[in-house]
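Okay, here's what each chain looks like letter by letter:
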Amino acid sequence: MFAQRGIFGAGRAKCTVPVQVDPFWNLFLKGYFISTITSDKDTFHVLKRDYHGIWSGPAEYETMMDWWAKTGFTDNKYAPTGEDPFQAFWRSIAADCQGPGVKRMARLSDEDIAADQAALQAVREKAEQARNTTDEDEVFGRNDLSDLRCYRMIIRMLKDWRFCLTDSKHFSMIPTKSEPGDILVVLDGAKVPIVLRPVQGDDLEEKFQVIGGAYIHGLMDGEGFMGEWKERGFYIC
């Protein structure tokens, strides 16, 4: 996920070389286990098309707020970064980026974050005020997110990724094909966390299949190998 652009640096900059393989040609990599995925893939539905076959503003907002409600997150702050939980949530949905579009994809700046937090709060207040109205002029566009600086990324992520609250209470975005029992890890040499699936190996050694990259809020800049997690090895088949 955007690793080639140098936007993230979740794992150590380099892995051990030459790489190690076992007799069955499984690749051995070192890294850190973060969490097992426990949420069912049907819990956090991806953004759906409306009956015209297009993405709509209210659908974007309602999908986000549905996900937020289903997290059941009640802590006063998001511990990994110490920020407001809802701000950490929408930054996770956007993978903490803006673009791609007129500008190249880039991490959100402090100014971007403050502006989008204020804009989202305004949308939430407007949506609440208009909840019981039948006036079409009041209803139309009340949940429009298009003014957000991270809007393009939110659309991209809502279509192809789903939200996951890890056992360690990290907000994350994972591939839609992820399943309960998959694990989130940070591997040496990887710019983003990886979703791995345990598979039956040719021997008693545990093996894993790569499912795809992931976003974990608060673990995208090397916090994994600088934090509380213990290093271990993973055989990738």
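### Digging into the pattern of salt bridges
Tallying each qualifying case throughout the model produces twelve salt bridges. Between Asp66 and Lys70 there is a salt bridge whose closest N-O contact spans 3.2 Å. Of this pair, Asp66 and Lys70 are both found in helix H1 (residues 57–71), four residues apart, which corresponds to roughly one turn of the helix. Classification of Asp66 as partly exposed rests on a relative accessible area of 31%. For Lys70, a relative accessible area of 37% puts it in the partly exposed group. When the shortest N-O distance is used, the salt bridge between Arg107 and Asp96 registers 3.2 Å. Residue Arg107 is located in strand E4 (residues 106–107), and its partner Asp96 is located in the loop between helix H2 (85–93) and strand E3 (97–98); the two are separated by eleven residues in the primary sequence. In this structure Arg107 comes out as partly exposed when scored by relative accessible area, which is 26%. Given the relative accessible area of 1%, Asp96 is considered buried.

### A short note on the nonpolar core
Counting residues in hydrophobic clusters, the biggest one holds 48 residues, and the most contacted among them are Phe89 and Ile93. Other than its neighbours up to four places away in sequence, Ile93 contacts Met64, Trp67, Met153, Ile154, Met157, Leu158, Phe163 and Met173. Listed in part, the 14 residues of the second largest apolar core include Ile34, Cys164, Leu184 and Leu219.

### Comments concerning the sheet that holds strand E5 (residues 161–165)
Spatially, the three strands line up as an open sheet ordered E5-E6-E10, and their pairing is antiparallel. Single-partner strands in this sheet number two, and they are E5 and strand E10 (215–216). Note: E5 against strand E6 (residues 171–175), five bridges, orientation antiparallel. The partner of Arg162 across the bridge, within E6, is Ile174. In the packing of H2 onto the sheet, the strands contacted are E5, E6 and E10, and the crossing angle to E6 comes to about 20°. Where helix H5 (residues 151–160) meets the sheet, it contacts E5 and E6, and its direction lies at approximately 85° from that of E5.

About the criteria used
- Residues take numbers from 1 onward in each chain, read along the sequence in its written order.
- A pLDDT threshold of at least 70 governs which residues receive local features in this predicted model, and a stricter bar of 80 or more applies before side-chain atom pairs are shown or counted, although totals over entire chains, interfaces and linings include all residues.
- To get the side-chain values, take all heavy atoms of the structure and skip hydrogens and water.
- Take a side-chain nitrogen of Lys or Arg and a carboxyl oxygen of Asp or Glu: if they are within 4 Å of each other, that pair is a salt bridge.
- Helical segments are the DSSP runs of H or I of at least four residues, strand segments are the runs of E of at least two, and each set is numbered from the N terminus.
- Exposure classes here rest on a 1.4 Å probe applied to the protein chains alone. A residue is buried below 20% of its type maximum, exposed above 50%, and partly exposed in between.
- By nonpolar core is meant a set of buried Ala, Val, Leu, Ile, Met, Phe, Trp, Tyr and Cys residues that side-chain atoms within 4.5 Å join together.
- Note on contacts: a residue pair qualifies if any of its non-hydrogen atoms lie within 4.5 Å across the two residues.
- Strand pairing is defined by DSSP finding a minimum of two bridges between the two strands.
- Inter-axis angles, ranging from 0 to 180 degrees, are taken between N-to-C directions of lines fitted to C-alpha atoms, where helices are fitted over the stretch in contact.

Remember, this is a structural readout, not a statement about activity or role.
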